[in-house]
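# Coordinate analysis (summary)
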Amino acid sequence: MSCVIVVGSQWGDEGKGKIVDLLTEHAEVVVRFQGGNNAGHTLVVNREQFIFHLIPSGILHSEKKCLIGNGVVVDLEVLLQEVTALRERGVSLSPANLAISERAHLILPYHKHLDLSREAAKGKNSIGTTGRGIGPCYEDKVSRVGVRMVDLLDREVFQEKVRENLKEKNFIFEQFFKVAPIDPEAIFQTFLPLADFFRPYVANVSLLIDEAIRDGKNVLFEGAQGTHLDVDHGTYPYVTSSNPVAGSVCAGAGLGPNKIQAVVGLVKAYTTRVGGGPFTAELTDDTGLLLREKGGEYGATTGRPRRCGWLDTVVLRDSARLNGLTHLALTKLDVLSGLKTIKICTSYACAARDLHQMPALLKDLERCRPVYEEMEGWTDSLQGIRRFEDLPPAAQKYVRRIEELVQVPVGIISVGPGREETLTMGNPFQE
Ligand code: IMP
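What comes next is a walk through the structure. Positions within a chain are numbered from 1, following the residues in the order the chain's sequence is written. Per-residue local features are limited, in this predicted model, to residues with pLDDT of at least 70; the limit for side-chain atom pairs, both in listing and counting, is 80 or more; totals at the level of whole chains, interfaces and linings are taken over all residues. Hydrogens and water are ignored here; the side-chain numbers use all heavy atoms of the structure.

The next thing to look at is the packing of aromatic side chains. Stacked, tilted and edge-to-face are the three classes assigned to paired rings of Phe, Tyr and Trp, where Trp is represented by its six-membered ring and a pair needs centres within 6.5 Å; plane angles under 30 degrees give stacked, over 60 edge-to-face, the rest tilted. Overall, the coordinates contain 9 aromatic pairs when judged by the stated rule. Taken together, a centroid distance of 6.3 Å and an interplanar angle of 35° make the contact between Phe-158 and Phe-191 tilted. Of this pair, Phe-158 sits in helix H6 (residues 155–177) while Phe-191 sits in helix H7 (residues 184–198), and the two are 33 residues apart along the sequence. Given the relative accessible area of 0%, Phe-158 is considered buried. By definition, being over a ring means that NZ of Lys or CZ of Arg is both within 6 Å of the ring centre and within 35 degrees of the ring normal. It is Arg-89 that lies over the ring of Phe-50; its NZ or CZ is 4.0 Å from the centre. Think of it this way: any DSSP run of H or I at least four residues long counts as a helix, any run of E at least two long counts as a strand, and we number them from the N terminus. Burial classes follow relative accessibility: with a 1.4 Å probe on protein chains only, a residue under 20% of its type's maximum area counts as buried, one over 50% as exposed, and anything between as partly exposed.

Here we take up the state of the cysteines. Structurally, a disulfide amounts to a covalent bond that connects the sulfur atoms of two cysteines. Disulfides are defined in this document as cysteine sulfur pairs within 2.5 Å. Going through the model one piece at a time under the given rule, you end up with 0 disulfides. With no disulfide partner, Cys-308 has as its closest neighbouring cysteine sulfur the one in Cys-345, 16 Å distant. Left without a disulfide partner, Cys-345 is nearest to the cysteine sulfur of Cys-368, which lies 9.2 Å away. Note on Cys-345: relative accessible area 0%, which makes it buried.

Once that is clear, we can look at the environment of Val-30. Structurally, Val-30 is set in strand S2 (residues 29–32). Along the sequence, Val-30 and Asn-97 sit 67 residues apart, while their C-alpha atoms lie 10.0 Å from each other. Any pair of residues with heavy atoms lying within 4.5 Å of one another is described as a contacting pair. Look past the residues within four positions of Val-30 in its chain and what remains in contact with it is Val-20, Thr-24, Pro-56, Gly-58, Lys-65, Cys-66, Leu-67, Leu-220 and Glu-222.

Let's shift gears to the layout of surface pockets. Taken as a whole, the second largest pocket spans an internal volume of roughly 230 Å³. Put simply, the grid is 1 Å and covers the protein atoms alone, a cavity is a trapped set of points that fit a 1.4 Å probe, a pocket is an open set with protein on both sides within 12 Å along at least five of seven lines, and lining residues have an atom within 4 Å of a point. If you go around the second largest pocket, you meet 14 residues; those closest to its centre are Gly-71, Tyr-138, Lys-141, Ser-242 and Asn-243. For the lining of the second largest pocket, the secondary-structure elements that each account for two or more residues are helix H4 (134–142) and helix H9 (248–254). The nonpolar class holds Ala, Val, Leu, Ile, Met, Phe, Trp, Tyr, Cys and Pro. Asp, Glu, Lys and Arg form the charged class, and all remaining residues, Gly among them, are polar. Residue composition of the lining of the second largest pocket, grouped by class: 5 nonpolar, 8 polar and 1 charged. Grid points are joined across faces, edges and corners, and a volume is the space filled by probe spheres set on the points.

Any helix carries an expected span of 1.5 Å times its number of residues minus one. Taking 1.5 Å per residue as the helical rise, helix H3 (residues 109–122) with its 14 residues ought to reach 20 Å, and the 20 Å between its terminal C-alpha atoms agrees with that figure. Listed as buried for H3 are Tyr-110, His-111, Leu-114, Asp-115, Ser-117 and Glu-119. Of the surrounding secondary structure, the elements contacted by the buried residues of H3 are strand S8 (105–106), H4, H6 and H7. Remark: Gly-123 follows H3 within two positions and exhibits a positive phi of approximately 60°.

Take a look at the structure:
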């Protein structure tokens, strides 16, 4: 039995969907533990593209069990769309292979309304959220007024909680934001049928994980977003409202830390970020545009163009420490093919200081300038390459340098979107 966690080491969009799908081969259970449908995990199987926002990326393996943990915030309308779309494409989906934690909090229409109203009011100072109601839903959870899956299943409890919450929310909508209030009846009309549909899927996910572990099964935990969007450890306040770091698996899925064997950190071969916030190694020149176009760097959730930059190992060293990374999975190495030289950010120059960790104060971070090391690029395409030794020597050197700078071995390299376009140097479930 092994439990392995996959997390993003940068600002999300590192290609977790593909790697989770690959690692699912070695696992019987796949679990989401934080975030919500702000995530968009893309995978390409037999040239067919799938994008998941809530359902764990392991769902394409029909014999595996996919679980949505209590730490996830669930928009049931989106989940229903995802279930329906997958079924239409022939993916078998039932309570036999999908379960949702009874303790997961629900994203309700007033959360989205609040997210969008706040962002609009902030104008140029907005966070650049995905507008999916993630922050307001987590706020309600922490304020102890959230509505959980299990509350929805009890009609009376659900209606009472929604009515009570709307007293305060509608006051804020009408009096502060000067926008339309929300009618509780409209929520009931949408959500009570959803309760009937999802009732068979609701379970004690912590118990299911425990049973799987006791049966000697391998469990894979699928992180969403990335370490530097973590509400505690990221570039606050330009972060999401959950903890994408590996440690949050324990609270967000319901198991103890002694059950975890390995933590795989996803690293894109360069850096991207979507939304506002500091980005020290950002490229606002033609190379940045080239990375965006060649890498298809447009958000899977919102379609927004992603900001692009060189690989930043200050970001990665922080991630290695914060997550206890045991392996790196390097994605999109093929996107760098054709560049004459490649830069790696090794530290930050900040007011005559050489920083090796990201400063906590936003103002300091904004003042940091990247210190780069330049490496030779490679011209050959990486298409068809399946072994590390077959990579162009300059690409091998780039990978080895990342390992040296981050002090974590690279176990997987992805050279294209397809399942088969992967070089595997180790299996985290076996080490
Ligand atoms: P929220 O999670 O919608 O509140 O957005 C907060 C910040 O996190 C914004 O900058 C978003 O663009 C960013 N964000 C949220 N989810 C993702 C993701 O899955 N990938 C990349 N960025 C994300």
